Amino acid sequence: MKHQKTIAILFPIEDYSTGGVTTFVDQYSTFLGASEFEAIVFGFEGEVERDAGLFQNSTIVSISKSRIPFKMVRRFVDCFKYVITVTKTIYKYNIVQIHFSTTKSTLMTLLSPLSWSKRKTGTFYGDWANEVLSFRNTFNDRTVDFWKRRCVQMMTLHLLNKVIVFSEYAQKLLIKDHKIPGKKIVILPGACTHKEIDFEKTFTSNGLKLLNISRLDPRKGHANLLHAMKLLKDDQNIELIIAGPFGNSEIYNLIQLYEELALFMNVRFVHSVNSRMKDILYRWADLFVMPSLSLETFGMTIIEALSHGVPVIGSNIGAIPEILNKIDSKLVICGTGPQEIMNKIRWYSSLSIQKKNYLRKKCIKAMRVYYSFEVLRSKFLNEIILHLQ
């Protein structure tokens, strides 16, 4: 175990799985790395805790999940283990603040009496109730379960002294749908370090390598992207890689569509990418595609692509245009359908090598100005310090 600092911040998460929560908690712990604060990350075991590129500046507390076959009993046992372990962790370290992430991990942490007296901040990753509907592809089915999730998330958010959001879109969502006072909200987008870029990269006149990295969820627009690839089938040498965690039934729907559209020669799926693999994919890509349909509160993969000098085209949804308009409004897709996606891909493909490299340089510049570690680390620490005073 590394040397314990004077002050510790606890970051409870559900588990160490690939996704936005672990990405941003790793970012926050990196912000804290050179400060007087120590980051304690806490959650159930998962593949991300074995990723050597993540949580290098943190003390990791991992809980093993039970293997009980009965679902309700297993959930109760896991919740009990979580509460007991978080209580021991708060007692062991000099925890002065808890930074919450998901609603479930917040509720389990708050079951520990030792958490009640601690200062509380958190990050809003998205509307839990709507995201569950989207995941089940039943977006208009607002049942009792929907309103229960909405009320529980509102309750946990109102307990926080400060709430971090990634965009103006997310800020408006919190104020309108969750009734959070604007004075409690801090806009702090994701951050990346810029990479060494080869601006002499060769662009072939007829070839284009497309990349999408995101979890498989109906609202991410993968189906429309596959249909766009079908429309582009007569265009020579256009390849697409879709990468991300595929741990749900949506992969079967997409594979079925992929087979129906006969895309086996120019579309590939890459499962469970770690930080090193993502770096390889970004260096491979000519263009990143973000075809989201709804509820996009930020888009960390957009920033990661920009840090590699990879231009991004994305739908006019949520926070996506907030990012892309800082580079070039032409990168925003006017619509979410396959035809609009295809038109924007062809637009980028038609650019000269000089214009493509100019766009890549604008990506790096925007990333340095708005999304650099140096700028956002200072803002994050100021919010933490001000909150502790």
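Our subject is the structure listed above.
None of the values given here were measured: they were computed from a predicted structure. (Residues numbered from 1 in each chain as written. Predicted model: local features only at pLDDT ≥ 70, side-chain atom pairs only at ≥ 80, totals over all residues. Heavy atoms only, no water.)

**Q** Give a description of the overall build of the protein that names residues and reports values.
**A** The secondary structure content of the protein amounts to 14 helices and 13 strands. Over its C-alpha atoms the protein spans a radius of gyration of 21 Å, differing by no more than 12% from the 21 Å that the globule rule assigns to 389 residues. Seen through its principal axes, the protein has C-alpha atoms that stretch 65 × 45 × 40 Å. For the protein, buried positions account for 53% of its 389 residues. In the protein, the share of contacts with a sequence separation of at least 24, taken over all contacts with a separation of at least 6, comes to 70%. Counting every atom, the protein has about 18000 Å² of accessible surface; 55% of that belongs to carbon and sulfur. Separation between the mean location of the 51 positive side-chain charges and that of the 35 negative ones in the protein comes to 4 Å. (Helix = DSSP H or I, 4+ residues; strand = E, 2+ residues; numbered from the N terminus. Rg over C-alpha atoms; globule rule 2.2 N^0.38 Å. Buried < 20%, exposed > 50% of the residue type's maximum accessible area, 1.4 Å probe, protein only. Contact = heavy atoms within 4.5 Å. Areas by Shrake-Rupley, 256 points an atom, 1.4 Å probe, with all protein chains shown as cover. Lys, Arg positive; Asp, Glu negative; His and termini not counted. Charge placed at Lys NZ, Arg CZ, Asp CG, Glu CD.)

**Q** Before we move on, could you go through the side chain of Ser105 and cite the residues and values that matter?
**A** Positionally, Ser105 belongs in helix H3 (residues 103-110). Within the structure, the side chain of Ser105 is placed 2.8 Å from the side chain of Thr102, a separation counted as a polar contact. Sequence-distant contacts of Ser105, that is, excluding residues within four places in its chain, are made with Pro12, Ile13, Glu14 and Tyr82. (Polar contact = N/O pair within 3.5 Å; in protein donor to acceptor, adjacent residues only side chain to side chain.)

**Q** Hey, could you go over the packing of helix H2 (residues 71-92) against H3 for me, with residue numbers and the actual values?
**A** Between H2 and H3, the shortest axis-to-axis distance is 8 Å and the interhelical angle comes to 60°. Here H2 and H3 pass one another in a crossing that is right-handed. Contacts between H2 and H3 involve Cys79, Tyr82, Val83 and Val86 from the first element and Ser105, Met108 and Thr109 from the second. Considered class by class, the residues forming the contact of H2 with H3 number five nonpolar, two polar and no charged. (Axes fitted to C-alpha atoms, helices over the stretch in contact; angles between N-to-C directions. Left-handed = near helix turned anticlockwise from the far one by under 90°. Nonpolar A, V, L, I, M, F, W, Y, C, P; charged D, E, K, R; others polar.)

**Q** Explain the pairing of strand E2 (residues 37-44) to me, and be specific about the residues and the numbers.
**A** Taking burial as the measure, the eight residues of E2 include eight buried ones, the bulk of the element. The sheet contact formed by strand E1 (residues 7-15) and E2 spans seven bridges and is parallel. Following the sheet pairing, Pro12 is matched in E2 by Phe42. Regarding the hand of the β-α-β motif, the stretch spanning E1, helix H1 (residues 20-32) and E2 is right-handed. Across six bridges, the pairing between E2 and strand E3 (residues 58-63) is parallel. When the sheet's bridge partners are listed, Ile40 is paired in E3 with Thr59. (Pairing = 2+ DSSP bridges. Right-handed = clockwise from strand over helix to strand, strands pointing away.)

**Q** I'd like a description of the sheet that holds E2, backed by residues and values.
**A** Strand order in the open sheet formed by seven strands is E3-E2-E1-E4-E5-E6-E7, and the pairing between neighbours is parallel. Each edge of the open sheet carries a strand with a single partner, namely E3 and strand E7 (185-187). Each strand axis lies, on average, 25° off the axis of its neighbour in the sheet, ignoring direction. As judged from the four bridges shared by strand E4 (residues 95-100) and strand E5 (residues 119-123), these two strands associate in the parallel manner.

**Q** With reference to specific residues and values, describe the packing of aromatic side chains.
**A** Summed over the entire model, instances satisfying the criterion amount to 20 aromatic pairs. Relative to Phe166, the ring of Phe24 lies with its centre 4.0 Å away and its plane at 15°, an arrangement referred to as stacked. Of this pair, Phe24 sits in helix H1 while Phe166 sits in the loop between strand E6 (162-165) and helix H6 (168-177), and the two are 142 residues apart along the sequence. In this structure Phe24 comes out as buried when scored by relative accessible area, which is 4%. Clustering of aromatic rings is evident, with ring pairs tying together Phe11, Phe24, Tyr28, Phe31, Tyr125, Phe166, Phe298, Tyr370, Tyr371, Phe373 and Phe380. One residue, Lys326, lies across the ring of Tyr370, its end atom 5.2 Å from the ring centre. (Phe/Tyr/Trp six-rings, centres within 6.5 Å; stacked < 30°, edge-to-face > 60°. Lys NZ or Arg CZ within 6 Å of the ring centre and 35° of its normal.)

**Q** So what's going on with the nonpolar core? Residues and values would help.
**A** Core analysis: the biggest nonpolar cluster contains 85 residues, and Tyr28, Leu210, Leu211, Leu226, Phe288, Leu306 and Phe380 have the highest contact counts within it. When residues of this core are assigned to their parent elements, the largest contribution, six residues, is made by H1. The contact partners of Leu226, leaving out residues within four places of it in the chain, are Leu240, Ile242, Leu254, Leu257, Tyr258, Leu261, Leu263, Val267 and Phe269. Grouped together as the second largest cluster of nonpolar side chains are 26 residues, Phe42, Ile98, Leu160 and Leu174 included. (Core = buried A, V, L, I, M, F, W, Y, C linked by side-chain atoms within 4.5 Å.)

**Q** An account of the pattern of salt bridges is requested, with residue identities and associated values reported.
**A** Following the criterion strictly, the structure yields eleven salt bridges and no others. As a salt-bridge pair, Arg150 and Asp127 come within 2.8 Å of each other at their nearest N and O atoms. Within this pair, whereas Arg150 is found in helix H5 (residues 144-158), its partner Asp127 is found in the loop between E5 and helix H4 (128-135), the two being separated by 23 residues in sequence. Judged by relative accessible area, Asp127 falls into the buried class, the value being 1%. Where Arg268 meets Glu239, a salt bridge forms, and the shortest distance between an N and an O atom there is 3.6 Å. Taken together, the residues span a long stretch of sequence, with Arg268 in strand E10 (residues 267-271) and Glu239 in strand E9 (residues 238-244) at a distance of 29 residues. The exposure class of Glu239 is partly exposed, given its relative accessible area of 32%. (Salt bridge = Lys/Arg side-chain N within 4 Å of Asp/Glu carboxyl O.)

**Q** Before we move on, can you summarise the sheet that holds E10 with the specific residues and values?
**A** The strands making up a sheet are joined through hydrogen bonds of the backbone, oriented either antiparallel or parallel. The strand order across the open sheet formed by six strands is E10-E9-E8-E11-E12-E13, and the pairing between neighbours is parallel. Looking at which strands have only one partner, the edges of the open sheet turn out to be E10 and strand E13 (332-333). Relative to strand E12 (residues 312-315), strand E11 (residues 287-290) runs parallel, the two being bridged by three bridges. Residue pairing for E12: Phe288 is matched across the bridge by Val312. Each of strand E8 (208-213), E11 and E12 is contacted by helix H10 (residues 300-307), which is oriented at about 170° to E11, the strand it contacts most.

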